[in-house]
Amino acid sequence: MVKRETVTGLARRMLPDARLARLQDLQLLDAGHGYDPFGANREWIGFGAGLMRFLYEKWFRVTSHDAHHVPSSGAAILASNHSGTLPYDATMIWSDVLEHTSPPRLVRPVMDHFVPLLPIVGTFFARAGGVGGSRGNVRALLEAGELLLIFPEGTVGIGKPFRERYQLQRFRVGHAELAIRHRAPVVPVAVVGAEEQMPQLTRIQAGAKLFGAPYIPIPATLLPLPVHYHIYYGAPLNLHEDYRPEQADEPAVVREAADRVQAAVAGLITRGLEEREGVFR
Amino acid sequence: MTRVMITGATTPIGASFVRRLAFDDAIEQVLALGLESDPGPELLELPKVVYRQIDLTRGRSLRDLLFTDVKQLGIEAVVHTAHHRRATDEGPRIHRLNVGVTRELMQLCQHHPTVRRFVHRSHGAVYKVKADQPAVIGEDHPLNLGPSTPQWIRDRVEADLMVCSQMGMCPMKVVVLRCAEVLAPRSGSQLYDYVSSRVCMRPLGYDPMINLLSLDDQVEALYRALVTEDAQGVFNIPGRDTLPLSELIHMMGRPDVPMPGVLLSPLYRLRGRLERREFRYDMNHWRFHFSGVLDGRRAKAVLGYEPSHPLRPTELAVHWHMGEDTIDLMRQQ
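Worth saying up front: this structure is predicted, and the values here are computed from it rather than measured.

Rules behind the numbers
Residue positions are given per chain, counted from 1 along the sequence in the order it is written. Chains and ligands are labelled sequentially in the order written, the chains with letters from A and the ligands with numbers from 1. Reporting of local features is limited, given that this is a predicted model, to residues whose pLDDT is at least 70; pairs of side-chain atoms are given and counted only at 80 or more, and all residues count toward the totals for whole chains, interfaces and linings. The side-chain figures draw on all heavy atoms in the structure; neither hydrogens nor water molecules are used. Strands here are runs of E lasting at least two residues and helices are runs of H or I lasting at least four, both read from the DSSP assignment and numbered beginning at the N terminus. The size measure is the radius of gyration over C-alpha atoms, and the globule rule it meets is 2.2 Å times the number of residues to the 0.38 power. Each residue gets one of three labels from its accessible area relative to the maximum for its type: buried under 20%, exposed over 50%, partly exposed in between, using a 1.4 Å probe on protein chains only. Working rule for contacts: check all heavy atoms of both residues, and any pair within 4.5 Å makes them a contact. Note on areas: Shrake-Rupley with a 1.4 Å probe; residue coverage comes only from the protein chains shown. For Phe, Tyr and Trp, rings pair up if their centres lie within 6.5 Å, where Trp contributes its six-membered ring, and each pair is then called stacked (planes under 30 degrees apart), edge-to-face (over 60) or tilted (otherwise). Strands are labelled as partners when DSSP assigns at least two bridges between them.

Asks: Could you give an account of the overall build of chain B, with specific residues and numbers?
Replies: Scanning chain B from N- to C-terminus turns up 14 helices and 14 strands. The C-alpha radius of gyration computed for chain B amounts to 20 Å, which stays within 12% of the reference 20 Å derived for 333 residues, consistent with globular compactness. In terms of overall dimensions, chain B has a C-alpha envelope of 55 × 45 × 40 Å along the principal axes. Across the 333 residues in chain B, those meeting the buried criterion constitute 61%. Across chain B, contacts joining residues at least 24 apart in sequence account for 78% of those joining residues at least 6 apart. For chain B, the accessible area works out to roughly 13,900 Å², and carbon and sulfur atoms hold 50% of it.

Asks: How would you summarise the packing of aromatic side chains if you had to cite specific residues and measurements?
Replies: Residue and element names in this part refer to chain B. Applying the stated criterion across every chain, the model contains 16 aromatic pairs over all chains. Ring centres 6.1 Å apart and planes at 85° place the aromatic pair Tyr206 and Phe290 in the edge-to-face group. Here Tyr206 is found in the loop between strand E9 (200-203) and strand E10 (209-213), whereas its partner Phe290 is found in the loop between helix H11 (281-284) and strand E14 (293-294), with 84 residues between them in sequence. For the residue pair Tyr206 and Phe290, the accessibility class agrees, reading buried in each case.

Asks: Any details on the environment of Ser37(B)? Residues and values, ideally.
Replies: Residue and element names in this part refer to chain B. The topology assignment puts Ser37 in the loop between strand E2 (29-34) and helix H2 (41-44). A relative accessible area of 59% means that Ser37 is categorised as exposed. Sequence-wise, Ser37 and Arg52 are 15 residues apart; in three dimensions their C-alpha atoms are separated by 8.2 Å.

Asks: Can you tell me about the pairing of strand E2 (residues 76-80) of chain A, naming the residues and giving the values?
Replies: Residues and elements named next belong to chain A. Burial within E2 is extensive, with 5 of its 5 residues counted as buried. Judged by which residues are buried, E2 turns out to be covered on both faces: Ala76, Leu78 and Ser80 on one side and Ile77 and Ala79 on the other are all buried. Relative to strand E5 (residues 147-150), E2 runs parallel, the two sharing 4 bridges. Following the sheet pairing, Leu78 is matched in E5 by Leu149. Both E2 and strand E6 (residues 186-192) contribute to a ladder of 4 bridges, which runs parallel. Within E6, the position partnered with Ala79 by the bridge is Pro188.

As structure tokens, this is what we get:
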């Protein structure tokens, strides 16, 4: 990978001094050499924030709503809708939370198992805080009081056809189980705009297995359309106040809890669609 | 436990541990076992230390030792650190030392009149490191027992599991320490051999997190396992240094050369043959792609072990006959 000094230099060029200084307050566990055990690193996060700045400010012109719902400390789970063929929604939530929390909090996006298999991309995501979606990883992060970003729709959500935009796929239950077991609040998140960013023409199965992906998407546009992103955060759902930790093993309980989270995200999407003035405005 | 027997006492890890015990007021007697007939004055002249030369693979010799010297000295605890170190050596003789000796020693200790504790030094390499597995490795992490797993690892997994199977089944307290790699010469460290090469090649596009244990922390972990009353179970022993592979290469002052992964196996195989080096890329393939860092929370909670000694690259570099300029530069860093 690129040397840390180079990364620091690039971050300085891409970010204003004030933002760079803010990143010094970032809460990040240092396992001894400036990296946390999963590979996240402050300099790389600065570099990532610099890279995303153009997309966040100019291209998608992200508007953030109610970011005060993101807990300022302690374990929590952001549960969001997932869409847009490529995961720009994850990077925009990552940037948005970094921008709107004080001191800044690092979101740890939980990635599908195939992402760490991807050369360069997998490493870059790890440096910026991403983790492979194994049970052990998320457990360790929640126990360390980290802020997770989970897309309960999974790859089905990001790969759904354009005609099904803003129709949530049924949420998986893993995030609800984790929230109940680890007593972590779930913050529902809705991303409005991403569903129109990159209509998918088709998907190819052949070759995807080489790197463990379920398919290779073929988008209608090479670049994402400059849609206007709106990110809505809902009031935290304290599932752990309604369920005991041992109930995390009960299928009916976690299903019910996941449905509650899905309903909260759906409500935020409805609000976002009503409030926005257009796809690009 | 004040009377201790240590196998593998002439290895860097064993010798350091013997030294630590020799100067510990709470320890009365140390029985050090090694293959060498003359372990040198560093070991022989230590207070409280009795050295015995023994080939552990000879069952009769081991049995005789256990029921003569060990019994007479009233040894209460056995610390087993003897494993074959060179990863390039394979075959039934190596398996006999790595697994057979562990089994036999364990069996003999179970009905021994004085031994009450058995500490087995296992290795973090027993864990499977893959993309779909957690990067932070707990004691319940899947083990590396695939059909293509090299013998060096397979033997360690087998010995580890065999010792684990006796926990709670025998009158002794059994402790298994799954230790991170000790980056030290002559300790069987794959990464030590890797970073002592002139150029360090690694897979392009991957930079996994690794964890390394210093000799001082290794000794401390063994000591804690020995003296913690009633401690029993499996414990991960991580080191103080958790860093990406590229940072380690940089720290050691070596050129870092990322290359397409498919080229690395043949290149390192060729290097191994030409220079008779120990590093095997096939053995390290997965951990050169995906992170694997030991989670030491259980060891901290039960044994009170916490890594506190970082690696000292300047001391390691001396072994490679590096130029003084390089060493000065590293000291400044």
